[in-house]
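Remarks on the overall topology
Now for the letters of each chain:
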Amino acid sequence: MIIRMLIISITIFLTALPASAQIDRIFKGLGLGQQSELSDVKIGSGLKEALKVGTENTVNLTGRLDGYFLNQAIKILMPEKLRNLEKGLTAVGYGPQVDEFVLSMNRAAEQAAPFAKQFFWDAIGEMTFEDAKKILSGHETAATDYFKSKTTDKLTVAFRPVVDQAMNEVGVTRQYKELVGRFQTIPFVKSESFDIDHYVVTKALDGLFHVLGEEERKIRTNPAARVTNLLKEVFGK
């Protein structure tokens, strides 16, 4: 009698639930459904690992000698607002000094790039599971775009003193002032004030995100770039 009453109670309870809920409860009662949760964890972990691999590769590629200077996609050029300065100085024989200034800006970015790694990783650690699912199903650089939109302001604030120090070490600020001084001695020319520090910070971060996007694309599309078992499992499906 007790068994019959128990069966009737279970039947009434199940019929009151939607079909999907009934199945979920049955699976859980059987100890199933855990694989789904495990897969969700793997998805989140796999994406975060991909970003860590990608950011580490990015820092290694940009933070080495000529990492910016010889990469035409991210090389820091003379600012658009200073192109007149560049042309004017080149015309009067200061071309080598202009070239040295451009090289110095890239050297500053190369020195600063390694300091971005920890900021990237901190931001990755804050990524939610829902973020991870959306990014994993997104386009080839969805993670990089999300990452950029969420951290650019923080990275700019944190990156500024690092770049400033690197620029002072390689002489960017000094060279810039010297070039402007020489430019102002040319008759009938007008120079504009320009925040060269902010420019280099912005371009340095743009370069990091560009390379990070390339690394993300590789992990998504190139099996050889999936250097861990977790990445192979998550991105190989």
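Up top is the structure.
Okay, so let's go over this structure. (Residues numbered from 1 in each chain as written. Predicted model: local features only at pLDDT ≥ 70, side-chain atom pairs only at ≥ 80, totals over all residues. Heavy atoms only, no water.)

Some remarks on the packing of aromatic side chains
We describe a pair of aromatic rings using the distance from one ring centre to the other and the angle between the two ring planes. By the definition in use, this model includes 3 aromatic pairs. Relative to phenylalanine 209, the ring of phenylalanine 120 lies with its centre 5.8 Å away and its plane at 70°, an arrangement referred to as edge-to-face. Here the residue phenylalanine 120 occupies a position in helix H6 (residues 116–125), and phenylalanine 209 occupies one in helix H10 (residues 196–221), the gap between them amounting to 89 residues. The exposure classification of phenylalanine 120 matches that of phenylalanine 209, with both residues buried. For the pair phenylalanine 147 and phenylalanine 209, a centre-to-centre distance of 6.2 Å together with 70° between the ring planes defines the contact as edge-to-face. Taken as a pair, phenylalanine 147 in helix H8 (residues 142–170) and phenylalanine 209 in helix H10 lie far apart in primary sequence, 62 residues in all. Judged by its relative accessible area of 2%, phenylalanine 147 falls in the buried class. Grouped by ring-pair contacts, the aromatic residues Phe120, Phe147 and Phe209 constitute a single cluster. Over the face of the ring belonging to tryptophan 121 we find lysine 52, whose NZ or CZ atom lies 5.0 Å from the ring centre. The positively charged end of lysine 75 is found above the aromatic ring belonging to phenylalanine 69, 4.4 Å away from the centroid. (Phe/Tyr/Trp six-rings, centres within 6.5 Å; stacked < 30°, edge-to-face > 60°. Helix = DSSP H or I, 4+ residues; strand = E, 2+ residues; numbered from the N terminus. Buried < 20%, exposed > 50% of the residue type's maximum accessible area, 1.4 Å probe, protein only. Lys NZ or Arg CZ within 6 Å of the ring centre and 35° of its normal.)

As for the pattern of salt bridges
Where charged atoms from two side chains of opposite charge come close, those side chains can pair. Inspection of every chain in the model, using the stated rule, returns 8 salt bridges. Its salt-bridge partner being arginine 107, residue aspartate 66 comes within 3.0 Å of it at the nearest N-O pair. In this pair, aspartate 66 is assigned in the loop between helix H3 (34–62) and helix H4 (83–91) and arginine 107 in helix H5 (residues 95–112), connecting sequence segments 41 residues apart. Judged by its relative accessible area of 23%, aspartate 66 falls in the partly exposed class. Among the salt bridges present, the one from glutamate 110 reaches arginine 107, with a minimum N-O distance of 2.9 Å. Of the two residues, glutamate 110 and arginine 107 both sit in helix H5, 3 residues apart, roughly one turn of that helix. (Salt bridge = Lys/Arg side-chain N within 4 Å of Asp/Glu carboxyl O.)

Quick look at the side chain of threonine 55
Following the sequence through the fold, threonine 55 ends up in helix H3. Residue class for threonine 55 comes out buried when judged on its relative accessible area of 1%. Engagement of the side chain of threonine 55 in a polar contact is seen with the backbone oxygen of lysine 52, the distance being 3.1 Å. Sequence-distant contacts of threonine 55, defined by excluding residues within four places in its chain, comprise Phe120, Trp121, Ile124 and Leu212. (Polar contact = N/O pair within 3.5 Å; in protein donor to acceptor, adjacent residues only side chain to side chain. Contact = heavy atoms within 4.5 Å.)

Shape descriptors only; they carry no functional weight alone.
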